[in-house]
Amino acid sequence: MYTPTNGNAECITLKFINKCFILSSCTPCNSFISTSSIMAHQYPSSYSLLSRLIITPCFFIFLLFPLSSISSFHVIFTSASAPTIAISKVEQDQEALALLTWKVSLDNQTQVLLSSWFGRNSCHHWFGVACHRSGSVSNLNLQSCGLRGTLQNLNFSSLPNLLTLNLSNNSLHGTIPTNIGNISKLITILYLGSNHFTGVIPEQLGFLTSLSFLSLDSNNFRGLILPFIGNLKNLTILHLYENELSGSIPQEIRLLRSLNHLKLEINNLTGPIPYSISNLRNLTILYLHTNELSGSIPQEIGLLKSLNDLQLGINNLSGPIPPSIANLKNLTTLILHTNKLSGLIPQEIGLLRYFNYLAFSFNDLTGPIPHSIGNLRNLTTLYLGVNKLSGSIPREIGLLTSLNVLELSNNNFIGPIRPSIGNLRNLCDAPNLGGPLTTRQPAEYS
């Protein structure tokens, strides 16, 4: 899974081109020298000549060494379906021209970074570029390289065999041009997250039916998630979080049956969680938190049996916590806090023995804490504060010896504090069982 990094982060890519390895980096030379000396110590046979091969702040190093020595790097290989017949000189010129035209539209500092981009052969040691054996561009990886500019002058149709486009964590801005739909139909990975893109997500992305990874997160996109998303049936990762998207989650999301990660959090999405989300039986991560979703949590969510992380907090969800959640036997994290949920905490919650994080605080839950909560022996964090829970604190709480955080304040509990609380030797602070309103929120959203 992609984790955004800051603009100064290393951007090191090892590529396999014409039986040579090419190491490219966006870090200054002094940073790389330090890294290189450590690696030379760990891998003396492979890096003994490295210090003599450093050329410029953004450079290329050609190394011949066995695969067993490069486990520390990200290696790009072309896919088995990549073209093997050599492309024509005209096609090769078109690819180079498309990249050079885009380069000159970027700011001066970025053009210096791409100083290796010259001539008519983009497969000849161009920084961030990898190629198929056919001589056609297969991968463009300029993640975390401080790029500044737009995509308006990038002729996507001149890159017919591109498999990966990674421009994440830069300072690119403007809209995504509609001609992105003309990019290679072979493309499987499109990383544009952590930039400053604006406007709507173009529906032409729906033409890229080979995509398995689509990351548009951490930008300023607005408008709707359009129904075209249902065309991308090969998606396994969909990241649209941290934008300004509005409207409802489209019903077409049900068509993405290969999805493993669906992250739509921190937007302005409204309406209910669609019942059809239950079709996504391969989901392991579902993040819908920090939106304006309403209605009840659908009972069908219990069909997502591969889920291990479910976060629906900070919405306007109402109604009960569905007992079907007990079917999610692989769940380790369940965050429902800051909604309008009511009713009892289901007794079935005790069946989820892999839980380590449970947050139900800031709701309208009533009734007692179920005794079955004592089964959650792996639980490290339990937030139940600011509800209308009543009865006594069950002695089974003392069985949760892995707890680091216990928050039960601002409820209607009665009776004594159980001596079994003393068994919780791993608590970071004294358990919060009452007193004034706590301002501590679950760590994910603090």
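Use the structure listed above.
Keep in mind it's a predicted model, so treat the numbers as computed, not measured.

Q: Please clarify how empty space enclosed by the protein should be interpreted in this entry.
A: The gaps left among the atoms become clear once a water-sized probe is rolled over them. By the definition in use, this model includes 1 cavity of 30 Å³ or more. The computed volume of the largest cavity comes to approximately 40 Å³. Considering only residue class, the lining of the largest cavity consists of 9 nonpolar, no polar and no charged.

Q: Help me understand the sheet that holds strand β17 (residues 268-271), please; the structure alone is not making it clear to me.
A: Two pairing modes exist for strands in a sheet, parallel and antiparallel, and in both the strands are linked by backbone hydrogen bonds. The 9 strands lie next to each other as β13-β15-β17-β19-β21-β23-β25-β27-β29, forming an open sheet whose pairing is parallel. Sheet topology places β13 (222-224) and β29 (412-413) at the edges, where each strand pairs with a single neighbour. As paired strands, strand β23 (residues 340-343) and strand β25 (residues 364-367) are joined by 2 bridges and run parallel to one another. What sits directly across from Ser342, in β25, is Asp364.

Q: Please explain the environment of Gly206 as it appears in this structure.
A: Looking at the element boundaries, Gly206 is found in the loop between β11 (196-197) and β12 (213-215). A sequence separation of 23 residues divides Gly206 from Ile229, and the C-alpha atoms of the two residues are 6.1 Å apart.

Q: Quick question: what am I supposed to make of the side chain of Ser136 here?
A: Tracing the backbone shows Ser136 in the loop between β5 (129-131) and β6 (137-141). Polar side-chain contacts of Ser136 include one of 2.6 Å to the side chain of Glu95. Here Asn161 takes part through its side chain, which lies 2.9 Å from a polar atom of the side chain of Ser136.

Q: What's the story with the pairing of β23 in this structure? I'm lost.
A: The side chains of a regular strand alternate, residue by residue, between the two faces of the sheet. Bridge count between strand β21 (residues 316-319) and β23: 2 bridges; the pairing is parallel. Across the sheet, Gly319 pairs through a bridge with Leu341, a residue of β23.

Q: Which parts of the structure should I look at to understand the packing of aromatic side chains?
A: Aromatic rings considered in pairs are described by the distance between their centres and by the relative angle of their planes. Here the structure, examined in full by the defined rule, presents 5 aromatic pairs. Centroid distance Phe197 to Phe221: 6.3 Å. Interplanar angle 15 degrees. Geometry classified as stacked. Taken together, the residues span a long stretch of sequence, with Phe197 in strand β11 and Phe221 in the loop between β12 and β13 at a distance of 24 residues. Here Phe197 and Phe221 have matching classes, each one buried.

Q: Could you clarify how one ought to interpret the state of the cysteines in this entry?
A: A covalent bond between the sulfur atoms of two cysteines is referred to as a disulfide. The tally for this structure, following the rule as stated, stands at 1 disulfide. Residue Cys123 pairs covalently with Cys131 via a disulfide, S to S 1.9 Å. With the S-S dihedral at roughly -100 degrees, the linkage between Cys123 and Cys131 falls on the left-handed side. Cys131 matches Cys123 in its accessibility class, with the two residues each being buried.

Q: Could you clarify how one ought to interpret unusual backbone geometry in this entry?
A: Peptide bonds are, in most cases, trans, and in most cases residues other than glycine have a negative phi. For Ile266, which is not a glycine, the phi torsion comes out positive at approximately 60 degrees. The class for Ile266 is partly exposed, based on a relative accessible area of 34%. If you check the backbone angles, Val386 has positive phi at about 60 degrees while not being a glycine. Val386 gets classed as buried once you look at its relative accessible area, which sits at 18%.

Rules behind the numbers
- Residues numbered from 1 in each chain as written.
- Predicted model: local features only at pLDDT ≥ 70, side-chain atom pairs only at ≥ 80, totals over all residues.
- Heavy atoms only, no water.
- 1 Å grid on protein atoms, 1.4 Å probe; cavity = no way out; pocket = protein on both sides within 12 Å on 5 of 7 lines; lining within 4 Å.
- Points joined across faces, edges and corners; volume = space filled by probe spheres on them.
- Nonpolar A, V, L, I, M, F, W, Y, C, P; charged D, E, K, R; others polar.
- Pairing = 2+ DSSP bridges.
- Helix = DSSP H or I, 4+ residues; strand = E, 2+ residues; numbered from the N terminus.
- Polar contact = N/O pair within 3.5 Å; in protein donor to acceptor, adjacent residues only side chain to side chain.
- Phe/Tyr/Trp six-rings, centres within 6.5 Å; stacked < 30°, edge-to-face > 60°.
- Buried < 20%, exposed > 50% of the residue type's maximum accessible area, 1.4 Å probe, protein only.
- Disulfide = S-S within 2.5 Å.

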